[in-house]
Amino acid sequence: MNPLEKIQRVSGVLRTVLLAAALVIGGSIALGLTNQELFILGDGQLNELRQSGLISPALSLAMMAPFGVVLVLGVFWLQRLFSEYHQGHFFTNASMRCIVWLVWLKAAAFLYGIFWPLLLMAVAPIQDIGLTIEAGTLVELVVLLLIVHLLKAAQQINDENKAFV
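Residues numbered from 1 in each chain as written. Predicted model: local features only at pLDDT ≥ 70, side-chain atom pairs only at ≥ 80, totals over all residues. Heavy atoms only, no water.

Some remarks on the overall build of the protein chain
Okay, so step 1: Secondary structure assignment for the protein chain yields 5 helices and 0 strands.
Okay, so step 2: Mapped in sequence order, the helices and strands of the protein chain form the string α-α-α-α-α.
Okay, so step 3: Within the span of the protein chain, comprising 165 residues, buried residues form 28% of the whole.
Okay, so step 4: Long-range pairs, those at least 24 residues apart, make up 67% of the contacts in the protein chain between residues at least 6 apart in sequence.
Okay, so step 5: Carbon together with sulfur atoms contributes 69% to the accessible area of the protein chain, which is approximately 10600 Å² in total. (Helix = DSSP H or I, 4+ residues; strand = E, 2+ residues; numbered from the N terminus. Buried < 20%, exposed > 50% of the residue type's maximum accessible area, 1.4 Å probe, protein only. Contact = heavy atoms within 4.5 Å. Areas by Shrake-Rupley, 256 points an atom, 1.4 Å probe, with all protein chains shown as cover.)

Pasting the structure below:
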């Protein structure tokens with residue numbers, strides 16, 4: 001088996017594992033919605049506010065929904081990227097679109113992770129809330145955005161070179 005076939009096979013296996021893990025995580029989250037003690041977001045303040053009755057379960061769910069949307073979209077785009085790789089499409093517009101989506105979803109999750117404690121403070125009468133901005137994650141995002149930009153530029157140059165031939 002040549003290296004390309006190995007990469008394609010591993011990509012197919014990873015796609016299957018990802019989808020199975022997504023089903024397990026989705027089931028766990030669904031179970032956690034019925035019993036909030038099983039599912040803790042952040043440092044647990046949201047659960048404490050819900051259990052004390054300061055915020056409603058619907059509001060709690062609405063505040064967690066963006067994380068769920070990012071998770072679902074992340075699984076979708078990652079499995080699609082593995083599908084592209086499984087088919088042998090490594091440097092195509094479709095695989096690049098998947099990578100771009102994954103990086104922007106990471107950025108959106110990072111920003112909402114900063115924003116949601118402020119939102120929590122706005123809807124509940126709490127004063128002791130901490131904002132955490134992890135420098136490592138911020139640097140990781142900047143590096144990922146730069147890599148995606150460079151990959152897109154390299155792909156564009158490659159496409160132009162192929163057009164001349």
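Once the structure has been displayed, the description carries forward.
Remarks on helix α5 (residues 135-164)
Okay, so step 1: The end-to-end C-alpha distance of α5, which contains 30 residues, comes to 44 Å, matching closely the 44 Å that a straight helix rising 1.5 Å per residue would cover.
Okay, so step 2: Taken together, the buried positions of α5 are Thr 137, Leu 141, Val 148 and Gln 155.
Okay, so step 3: Each element contacted by the buried residues of α5 is listed here: α4 (93-123). (Expected span 1.5 Å × (residues − 1).)

Quick look at the packing of aromatic side chains
Aromatic ring pairs are reported here in terms of the distance separating the ring centres and the angle at which the planes meet.
Okay, so step 1: All chains considered together, the criterion is met by 6 aromatic pairs.
Okay, so step 2: Between Phe 67 and Trp 116, the aromatic rings sit 6.3 Å apart at their centres with planes inclined by 90°, giving edge-to-face as the arrangement. Taken together, the residues span a long stretch of sequence, with Phe 67 in helix α3 (residues 57-86) and Trp 116 in helix α4 at a distance of 49 residues.
Okay, so step 3: Members of the aromatic cluster, connected to one another through ring pairs, are Phe 67, Tyr 112, Phe 115 and Trp 116. (Phe/Tyr/Trp six-rings, centres within 6.5 Å; stacked < 30°, edge-to-face > 60°.)

Remarks on the confidence of the model for the protein chain
Okay, so step 1: On average, residues of the protein chain score 84 in pLDDT, and 88% of them are at 70 or above.
Okay, so step 2: When pLDDT is averaged over each helix and strand of the protein chain, the minimum, 73, is found for helix α2 (residues 45-52) and the maximum, 90, for α3. (pLDDT = per-residue confidence, 0-100.)

Examining the environment of Gly 26
Okay, so step 1: In this structure, Gly 26 sits in helix α1 (residues 3-34).
Okay, so step 2: C-alpha of Gly 26 to C-alpha of Gly 68: the two residues are 42 residues apart in sequence and 9.3 Å apart in space.

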